[in-house]
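These are the residues of each chain, in order.
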Amino acid sequence: MNASNPPSWTAEEAATSTPDKSFKIERETHKLEKRLCREAGRAIVQYNMIEEGDKVMVCMSGGKDSYTLLDILLKLKARAPIHFDLVAVNLDQKQPGFPEHVLPDYLKSTGVPFHIENEDTYSIVKRIIPEGKTTCSLCSRLRRGILYRVADELGATKIALGHHRDDILQTLLLNMFFGGKLKSMPPKLVSDDGKHVVIRPLAFVAEKDTTRWAAHRNFPIIPCNLCGSQENLQRKQVGEMLRDWEKRFPGRIENMFNALQNVVPSHLLDGRLFDFANAQATGIADDNGDKAFDTEEFSAPSSLPGVQVVQIG
């Protein structure tokens, strides 16, 4: 697929296409659906996200990622070797102009059970956070507490969020740049109150694929007036940086994501993960040991802009 000239994904474009172009659109759409199901299924199996008899609460924001999450989980549920149930939940935060009918109308069309929770967190956030300051932190805390309560009320055993691969990498870089931590979003975690299991089935899915799938499915996207209007958010800047890297240096994003699954604690600096203080020579060879005087070899070092590679020897 030519990244500089992506195929059309909308029904309107398909309707006006030539037979050859229509076939290409249909073929690419089929490949996209297979990829989304494959990657979500792989994450679910690898991290044991969904088990027999689970009731999975799918958190719906009205954005492209949560629509894609529900859509793909419905497809996987139909073919899964185990039985599990889905319930879609939306938190109506009472933002001015929020189209209350959009999500209920859409969810009714899917046949999936759903629940709309009404809580005016918008007023709380606007009252507490000064104008121009980032609202995400407080908004997230309020939303999280409400969704945990709803999960209890609905008897949900898992809470599914629509974060994808790019969200995970953005969080990694944000924590490195601004938080001084080597930390990202885990694919599966136990909530801070110890009562809930949160899963991210789209952990292996690229954002460009959720964007294309949302366009193909014509989901009724609802923008967030709280965070979407904050154009200079650090997360947005980091996201733009990642997208620029993806265009200029294909493969870099995949390597970064693979690195999160290939951590070597003995080659970092955290004494809580590796006992550096008591490390001593054993006289026993270890392939994982540090090759202190070897030259590290990386592919295409010149592709790093502004970096001069110097060999010390």
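In this report, we go over the structure that sits alongside the text.

## Re the overall build of the protein chain
Broken down by element type, the protein chain carries 10 helices and six strands. In the protein chain, which comprises 313 residues, the proportion classed as buried is 38%. When contacts within the protein chain are restricted to residue pairs at least 6 apart in sequence, long-range pairs at least 24 apart make up 75% of them. Counting every atom, the protein chain has about 18,900 Å² of accessible surface; 54% of that belongs to carbon and sulfur.

## Looking at unusual backbone geometry
Phi is mostly negative for residues that are not glycine, and the peptide bonds are mostly trans. Even without glycine at this site, K94 takes up a positive phi of about 60°. Here the phi dihedral of N218 falls at roughly 55°; this positive angle occurs in a residue that is not glycine. Here N218 is to be found in the loop between α8 (207–217) and α9 (234–248).

## Side note on a nonpolar patch on the surface
On the surface, M176, F177, F178, L182, V263 and L268 cluster together into a nonpolar patch covering about 590 Å² of accessible area. Relative to the helices and strands, L182 resides in the loop between α7 (165–179) and β5 (188–190).

## So, helix α10 (residues 252–259)
Every buried residue belonging to α10 is among R252, I253, M256 and F257, and all of these are buried. Projected down its long axis, α10 carries its buried residues within an arc of 135°, all on one side. Looking at the buried residues of α10, the elements they touch are α7 and α9.

## Overview of the packing of aromatic side chains
Two aromatic rings are characterised by how far apart their centres lie and by the angle between their planes. Within this structure, the stated rule accounts for seven aromatic pairs. Here Y67 and Y106 contribute two aromatic rings whose centre-to-centre distance is 5.0 Å and whose plane-to-plane angle is 90°, an arrangement assigned as edge-to-face. With Y67 in helix α3 (residues 64–79) and Y106 in helix α4 (residues 102–110), this residue pair connects regions lying 39 residues apart in the sequence. Y106 matches Y67 in its accessibility class, with the two residues each being buried. We classify Y106 as buried; its relative accessible area is 15%. Among the aromatic residues, those joined into a ring-pair cluster are Y47, F204 and F257. Over the face of the ring belonging to F84 we find K77, whose NZ or CZ atom lies 5.6 Å from the ring centre. Against the face of W245 rests R252, its NZ or CZ located 5.1 Å from the ring centre.

What counts, and where the lines are drawn
- Residues numbered from 1 in each chain as written.
- Predicted model: local features only at pLDDT ≥ 70, side-chain atom pairs only at ≥ 80, totals over all residues.
- Heavy atoms only, no water.
- Helix = DSSP H or I, 4+ residues; strand = E, 2+ residues; numbered from the N terminus.
- Buried < 20%, exposed > 50% of the residue type's maximum accessible area, 1.4 Å probe, protein only.
- Contact = heavy atoms within 4.5 Å.
- Areas by Shrake-Rupley, 256 points an atom, 1.4 Å probe, with all protein chains shown as cover.
- Patch = residues over 30% accessible without salt bridge, like charges linked within 9 Å, V, L, I, M, F, W, Y side chains within 5 Å.
- Salt bridge = Lys/Arg side-chain N within 4 Å of Asp/Glu carboxyl O.
- Arc of directions from axis to C-beta.
- Phe/Tyr/Trp six-rings, centres within 6.5 Å; stacked < 30°, edge-to-face > 60°.
- Lys NZ or Arg CZ within 6 Å of the ring centre and 35° of its normal.

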